[in-house]
Amino acid sequence: MGRFVVFEGGEGSGKSTQARRLADRWGALLTFEPGGTEVGQQLRQILLSPETGDLDARAEALLMAADRAHHVATKIRPALNRGNDVVCDRFVGSSLAYQGYARDLGIDEVQALSTFATDGLVPDLVLLLVVPPDVASSRLAAAGKPDRLEAAGEEFHRRVAEAYLILAAHDTDRWVIVDGSGTVDEVEARVLDAVEARLPSGAGA
């Protein structure tokens, strides 16, 4: 069974860059949510396109769950069963933070939906990248036109950040908070330290 590592964080946290770096280092399968499969790409378009406009919070959560169910069944679990390591940019934690907490659907309710979608699959390690709001804002500004969730507003993203810290505090065996500020290399060094501490066999792989 391969190792399953997830990167979580708010918009502009740098998680996508660090997920790619760890996957390259390990020779792991790199994937992401939403949109890590062909079916998922269609769901991602609905979920993130500004043209979608307002979307009912429950509909948003169910679309995320549908993406995750197909992603786990057709890509993540088969890779892990082959003995391949998998590094994923966003997973269940994102739904808990964005839809469960920031959209007020309830963390427990969204957790139940996510458990059904994943058929109980949980990561070995979740790396939560955290940056100050001004750093996140400057990174997003440099990235260009925001998608539908990126444009959800300052208060929404404050709640997302708050939710992530709550999730990490309630599952310290699996979640590790990593300072995402500084250069890409500096953050990578912190990520590798965290991975070494929790998954020693993966160090330098």
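The sections below set out a description of the structure shown in this document. On a predicted model such as this, the values are computed, not experimentally measured, just so you know.

Attention now moves to the overall build of the chain. A tally of regular secondary structure across the chain gives eight helices and five strands. Across the chain, helices and strands are ordered from the amino to the carboxyl terminus as β-α-β-α-α-β-α-α-β-α-α-β-α. Relative to a compact globule of 205 residues, whose C-alpha radius of gyration would be 17 Å, the chain shows 16 Å and is just as compact. Dimensions of the chain along its principal axes, counting C-alpha atoms only, are 45 × 35 × 30 Å. The 205 residues of the chain split such that 46% are buried. Here the analysis covers contacts within the chain between residues at least 6 apart in sequence; of these, 78% occur between residues at least 24 apart. Working note: accessible area of the chain is about 9,800 Å², and carbon and sulfur atoms make up 52% of it. Between the mean site of the 21 positive side-chain charges and the mean site of the 31 negative ones, the chain shows a separation of 3 Å.

The next subject is the nonpolar core. Counting residues in hydrophobic clusters, the biggest one holds 32 residues, and the most contacted among them are F4, I76, F91 and Y164. Elements with a minimum of two residues in this core: β1 (4–9), α2 (38–48), α3 (57–81), β3 (86–89), α4 (92–102), β4 (125–130) and α7 (154–170). For this core, the element with the most residues is α3, which contributes seven residues. When near neighbours in sequence (up to four residues on either side) are disregarded, F4 contacts I76, L80, V86, C88, F91, L121, V122, P123, D124 and L125. With 18 residues, the next largest nonpolar core counts A19, W26, A194 and V195 among its residues.

By volume, the largest pocket is sized at about 640 Å³. In this structure, the largest pocket is lined by 34 residues; those nearest its centre are E11, G12, K15, S16 and R90. If you list the elements that add at least two residues to the lining of the largest pocket, you get α1 (15–26), α2, α3, α4, α6 (133–143) and α8 (184–198). Along the lines of polarity and charge, the residues of the lining of the largest pocket split into eleven nonpolar, 13 polar and ten charged.

For A142, the position within the fold is in helix α6. Owing to a relative accessible area of 70%, A142 belongs among the exposed residues under this scheme. With 41 residues separating them in the primary sequence, A142 and Y101 have C-alpha atoms 27 Å apart.

A word on the pairing of β4. Most of β4 sits out of view: five of its six residues are buried. Bridging between β1 and β4 involves five bridges; their strand directions are parallel. Looking at β4, one finds that E8 is bridged to L128. Note: β4 against strand β5 (residues 175–179), five bridges, orientation parallel. The partner of L128 across the bridge, within β5, is I177.

Moving on: α1. Between its terminal C-alpha atoms α1 stretches 16 Å, which fits the 16 Å expected from twelve residues at 1.5 Å a residue. Taken together, the buried positions of α1 are K15, Q18, A19, L22, A23 and W26. Taken end-on, α1 shows its buried residues confined to a sector of 135 degrees, consistent with a single buried face. Elements that come into contact with the buried residues of α1 comprise β1, β2 (29–32), β3, β4 and α8.

The next subject is the packing of α1 against α8. Packing of α1 against α8 brings their axes to within 10 Å, and their N-to-C directions diverge by 60 degrees. Considered as vectors, α1 and α8 are oriented oblique to each other. Considering how the two elements wind past one another, α1 and α8 form a crossing that is right-handed. On α8, the residues that touch T17, Q18, R21, L22, R25 and W26 of α1 are V184, D185, V187, E188, V191, L192 and V195. Considered class by class, the residues forming the contact of α1 with α8 number seven nonpolar, two polar and four charged.

What counts and how
- The numbers attached to residues start from 1 for each chain and follow its sequence in the written order.
- Totals for whole chains, interfaces and linings use all residues, but because this is a predicted model, local features are given only for residues with pLDDT of at least 70 and pairs of side-chain atoms are given and counted only at 80 or more.
- Calculated side-chain values reflect all of the structure's heavy atoms, with hydrogen atoms and water omitted.
- The helix and strand labels rest on DSSP assignments: H or I over at least four residues marks a helix, E over at least two residues marks a strand, and numbering proceeds from the N terminus.
- Here the radius of gyration uses the C-alpha set of atoms, whereas the globule reference equals 2.2 Å times the residue count to the power 0.38.
- Exposed residues in this analysis have more than 50% of their type's maximum accessible area, buried residues have under 20%, and partly exposed residues fall in between, with area computed by a 1.4 Å probe over protein chains only.
- It only takes one pair of heavy atoms within 4.5 Å for two residues to be counted as in contact.
- Only the protein chains shown count as covering a residue, and every accessible area follows the Shrake-Rupley method with a 1.4 Å probe.
- When charges are counted, neither His nor the chain ends are considered; positive counts come from Lys and Arg and negative counts from Asp and Glu.
- Every charge is mapped to an atom, namely NZ of Lys, CZ of Arg, CG of Asp or CD of Glu.
- Nine residue types can take part in a nonpolar core, namely buried Ala, Val, Leu, Ile, Met, Phe, Trp, Tyr and Cys, and a core is a set of them joined through side-chain atoms within 4.5 Å.
- Cavities and pockets are defined on a 1 Å grid built over the protein atoms alone: a cavity is a set of grid points where a 1.4 Å probe fits but cannot escape, while a pocket is an open set with protein on both sides within 12 Å along at least five of seven lines, and lining residues are those with an atom within 4 Å of any such point.
- Grid points are joined across faces, edges and corners, and a volume is the space filled by probe spheres set on the points.
- Amino acids outside the nonpolar list (Ala, Val, Leu, Ile, Met, Phe, Trp, Tyr, Cys, Pro) and the charged list (Asp, Glu, Lys, Arg) are all regarded as polar, and Gly is one of them.
- Two strands qualify as a pair provided that DSSP identifies no fewer than 2 bridges between them.
- A helix is expected to span 1.5 Å multiplied by its residue count minus one.
- This arc corresponds to the set of directions leading from the helix axis out to the C-beta atoms.
- Helix axes are fitted only over the stretch in contact, all axes being lines through C-alpha atoms; the angle between N-to-C directions runs from 0 to 180 degrees.
- For classification, angles of less than 35 degrees are called roughly parallel, those exceeding 145 degrees roughly antiparallel, those between 65 and 115 degrees roughly perpendicular, and all remaining angles oblique.
- Take the far helix as the reference: if the near one is turned anticlockwise from it by less than a right angle, the crossing is left-handed, and if turned clockwise, right-handed.

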